[in-house]
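Breakdown of the fold
Listed here are the chains, written in short residue letters.
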Amino acid sequence: MSSVATETAPQLVVDRLTKLFGDRLAVDEVSLDIDRGRILGLLGPNGAGKSTTMSMICGLVAPDSGSVTVGGERLDHSGRDVRRRIGLVPQEIALYPELTSRENVTFFGGLQGLSGRRLRERIDFVLDEVQLGPRAADAVATLSGGMKRRLNVAVALTHEPDLLVLDEPTVGVDPQSRLALLDAVRRAADRGAAVLLASHQMYEVEAVCDHVAVMDHGRVLRTGTVADLLHGIPSRAEVVVEGAEPAVGRSRSSVVEVESSAAAGKATVTLLSQDHAALVDELTRLLATFSEQGRRVLEIRKSEPSLEQLFFDLTGRTLRD
């Protein structure tokens, strides 16, 4: 992967954006920044404020307070020149189905001020970038869902935006299209764009993002690299045995926590530790203890720290509308 020199100032600076819809505070003093050549993953449950934040960043919704700066230029609600520095991939497909792939890119490229030879070069480049060159003359209505998603990204890349904003770009696509999309996004960052990617797919964010921000109830709860965010989250092992809650005692290791509970004729013993070796040693001791007691082990589960675990820890597991 190639690298891009980071500018002194971030390519995108979001300072204390706030937005009210009626009596509902949709976004509450959100602040973010993204350097040139970097990808920031935006995570959050439905209704967390992600789409509203992205709409304000793109100038589609005016904030009640706060500011957005792209490449050193402040965006206001009438700032069309600044908005031309942004490429937006919306959650819904935004294409003309009766036009061909090439015609769609031509139309949207023209709206961004491209014309002539430069526009033709960019059309060929972005269609090849998302692997749609062979389908350039096909009407969008005849394309698969994954192809339409890829074309949505091609349109956003046509004018070489300084900031690429993607709102769940891989919804409903097949694995091959997902890989092609994420590769195109990573290459856009490698060429110098700042990228803001909202996704519900934790593995996507871990795979392509340099930094992550977790949102809920309109606020940013945590930001940092994946490694920073996962630091301090313990590894977990669970052992499910038949019968009543066992008397397992305290761990022999000071860095392993032991919890136990019982319900419906079986018990679960949970081990938590940031020390992987200590956790494995304690798990081995626990299994030997159950064997000596004649307790039947029904299940063993083990998990490492993950963005999904962090996400649930921060936002809870309750279903959202």
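Here's what I pulled together on the structure shown here. Every value quoted in this text rests on a predicted model; they were computed, and no experiment measured them. (Residues numbered from 1 in each chain as written. Predicted model: local features only at pLDDT ≥ 70, side-chain atom pairs only at ≥ 80, totals over all residues. Heavy atoms only, no water.)

This next bit is on the overall build of the protein chain. Of regular secondary structure, the protein chain possesses 10 helices and 14 strands. Its C-alpha atoms give the protein chain principal-axis dimensions of about 80 × 45 × 40 Å. The burial tally for the protein chain puts 46% of its 321 residues in the buried class. In the protein chain, the proportion of contacts linking residues at least 24 apart, taken out of those at least 6 apart, comes to 69%. Accessible surface, the protein chain: about 15800 Å² in total, of which carbon and sulfur atoms supply 48%. Within the protein chain, the 45 negative side-chain charges are centred at a point lying 2 Å from the centre of the 37 positive side-chain charges. (Helix = DSSP H or I, 4+ residues; strand = E, 2+ residues; numbered from the N terminus. Buried < 20%, exposed > 50% of the residue type's maximum accessible area, 1.4 Å probe, protein only. Contact = heavy atoms within 4.5 Å. Areas by Shrake-Rupley, 256 points an atom, 1.4 Å probe, with all protein chains shown as cover. Lys, Arg positive; Asp, Glu negative; His and termini not counted. Charge placed at Lys NZ, Arg CZ, Asp CG, Glu CD.)

Okay, the sheet that holds strand β5 (residues 73-75) next. With respect to topology, four strands assemble into an open sheet ordered β2-β1-β4-β5, the strand pairing being antiparallel. Each having just a single partner strand, β2 (24-34) and β5 make up the two edges of the open sheet. Adjacent strand axes in the sheet meet at a mean angle of 30 degrees, parallel and antiparallel pairs treated alike. (Pairing = 2+ DSSP bridges. Axes fitted to C-alpha atoms, helices over the stretch in contact; angles between N-to-C directions.)

Take helix α1 (residues 50-57) next. Where burial is concerned, most of α1 is hidden: six out of the eight residues are buried. Looking at the residues trailing α1, positive phi occurs at G59, about 80 degrees.

Here we come to a nonpolar patch on the surface. Together, Y96, F107 and L111 give the surface a local cluster of nonpolar side chains, amounting to about 260 Å² of exposed area. The topology assignment puts L111 in helix α3 (residues 101-111). Overall, L111 belongs to the partly exposed group, its relative accessible area being 41%. (Patch = residues over 30% accessible without salt bridge, like charges linked within 9 Å, V, L, I, M, F, W, Y side chains within 5 Å. Salt bridge = Lys/Arg side-chain N within 4 Å of Asp/Glu carboxyl O.)

Before going further, it helps to spend a moment on the nonpolar core. In this structure, I39, L151, L164, L166, V195, V212 and L307 are the most contacted members of the largest nonpolar core, which totals 46 residues. Listed in part, the 27 residues of the second largest apolar core include L12, V70, L75 and V165. (Core = buried A, V, L, I, M, F, W, Y, C linked by side-chain atoms within 4.5 Å.)

One pass over the structure, following the stated rule, counts 22 salt bridges. Among the salt bridges present, the one from E29 reaches R16, with a minimum N-O distance of 3.0 Å. In this pair, E29 is assigned in strand β2 and R16 in strand β1 (residues 12-21), connecting sequence segments 13 residues apart. Judged by relative accessible area, E29 falls into the partly exposed class, the value being 38%. Residue classification places R16 among the partly exposed positions, given a relative accessible area of 45%. A salt bridge links E121 to R118, with the nearest nitrogen and oxygen atoms 3.7 Å apart. Here the residue E121 and the residue R118 both occupy positions in helix α4 (residues 116-129), the gap between them amounting to three residues, near one helical turn. Among the residues examined, E121 registers a relative accessible area of 36% and is labelled partly exposed.

So, on to the packing of aromatic side chains. Tallied over the entire structure, the rule returns four aromatic pairs. Relative to F107, the ring of Y96 has its centre 5.4 Å away and its plane inclined at 90 degrees; by these criteria the two rings are edge-to-face. Linking Y96 in the loop between β6 (86-89) and α3 with F107 in helix α3, this pair joins segments that are 11 residues apart in sequence. Residue Y96 is classed as partly exposed on the basis of its relative accessible area of 36%. The exposure class assigned to F107 is partly exposed, which follows from its relative accessible area of 36%. Three or more aromatic residues joined by ring pairs form one cluster here, namely Y96, F107 and F108. (Phe/Tyr/Trp six-rings, centres within 6.5 Å; stacked < 30°, edge-to-face > 60°.)

Below, the discussion takes up the environment of V239. Here V239 shows up in strand β11 (residues 235-242). With residues near it in sequence (within four places) discarded, V239 still touches A267, T268, V269, L283, L286, L287, F290, V297 and E299.

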